[in-house]
Amino acid sequence: DDLPPPELMWAGKFVRAMRRGKWEYASRTNGINAVVILAEIDGKVILVEQPRAAPDCRCIELPAGLVGDQDAGATPESTAVKELEEETGFTCERVERLGEFYASPGMLAESFTLVRAHGVRRIGAGGGDENENIEVHLLPRADIADFIEQKRAEGYGVDVKLLLFLNF
């Protein structure tokens, strides 16, 4: 694969479009990636629902956040705790890295670190910051497939990471 070096086509505040040979793709600016949090409490998985601009609908997702967008020294672990608390009102004692993943490697350079939260406990209401409108859902694993089907029927988007809970 002798591809030429990446060429910047355009850049906004958060996203840039790149070209490498005949391939075009998008990436985040400033090398920022994401962390996605798998957290459970009392046998229930913590999911979030929030409006998303790109698909123009509310989406069902695992809690997540950008690593280093506000604090250059942030790690996936520190960001996971901060985002879990902010988005869901839960915190955790320990964060375990499960691996690095790409959601759409044919089009996006962005990766995310999937982590598991251990020692989860409630500390607040959640709901996100002043720019977010997050609703928290606690679901037993066995109920997630039906919940997703119901939300799809209502016009919601479903994040690809929820494939973790579907048995095809």
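Further up the page is the structure itself.
I will try to describe carefully the structure that is included in this document. On a predicted model such as this, the values are computed, not experimentally measured, just so you know. (Residues numbered from 1 in each chain as written. Predicted model: local features only at pLDDT ≥ 70, side-chain atom pairs only at ≥ 80, totals over all residues. Heavy atoms only, no water.)

### Brief notes about the overall build of the protein
Here is step 1: Looking only at helices and strands, the protein features 2 helices and 14 strands.
Here is step 2: Computed over the C-alpha atoms, the radius of gyration of the protein is 17 Å, within 12% of the 15 Å expected from 2.2 N^0.38 for a compact globule of 168 residues.
Here is step 3: Across its three principal axes, the protein shows a C-alpha extent of roughly 50 × 40 × 30 Å.
Here is step 4: Counting over 168 residues, the protein shows a buried share of 36%.
Here is step 5: Here the contacts in the protein between residues at least 6 apart in sequence split such that 58% fall between residues at least 24 apart.
Here is step 6: Carbon and sulfur atoms form 49% of the exposed surface of the protein, whose accessible area is close to 9900 Å². (Helix = DSSP H or I, 4+ residues; strand = E, 2+ residues; numbered from the N terminus. Rg over C-alpha atoms; globule rule 2.2 N^0.38 Å. Buried < 20%, exposed > 50% of the residue type's maximum accessible area, 1.4 Å probe, protein only. Contact = heavy atoms within 4.5 Å. Areas by Shrake-Rupley, 256 points an atom, 1.4 Å probe, with all protein chains shown as cover.)

### Structural notes on the packing of aromatic side chains
Here is step 1: Under the counting rule described, the total for this entry stands at 1 aromatic pair.
Here is step 2: Plain terms: the ring middles of Phe101 and Phe112 are 5.8 Å apart, the flat faces sit at 25° to each other, and that makes the pair stacked. With a gap of 11 residues between them, Phe101 in strand E10 (residues 94–102) and Phe112 in strand E11 (residues 111–118) connect regions that are remote in the sequence.
Here is step 3: Look at Phe101 and you get partly exposed, because its relative accessible area is 37%. (Phe/Tyr/Trp six-rings, centres within 6.5 Å; stacked < 30°, edge-to-face > 60°.)

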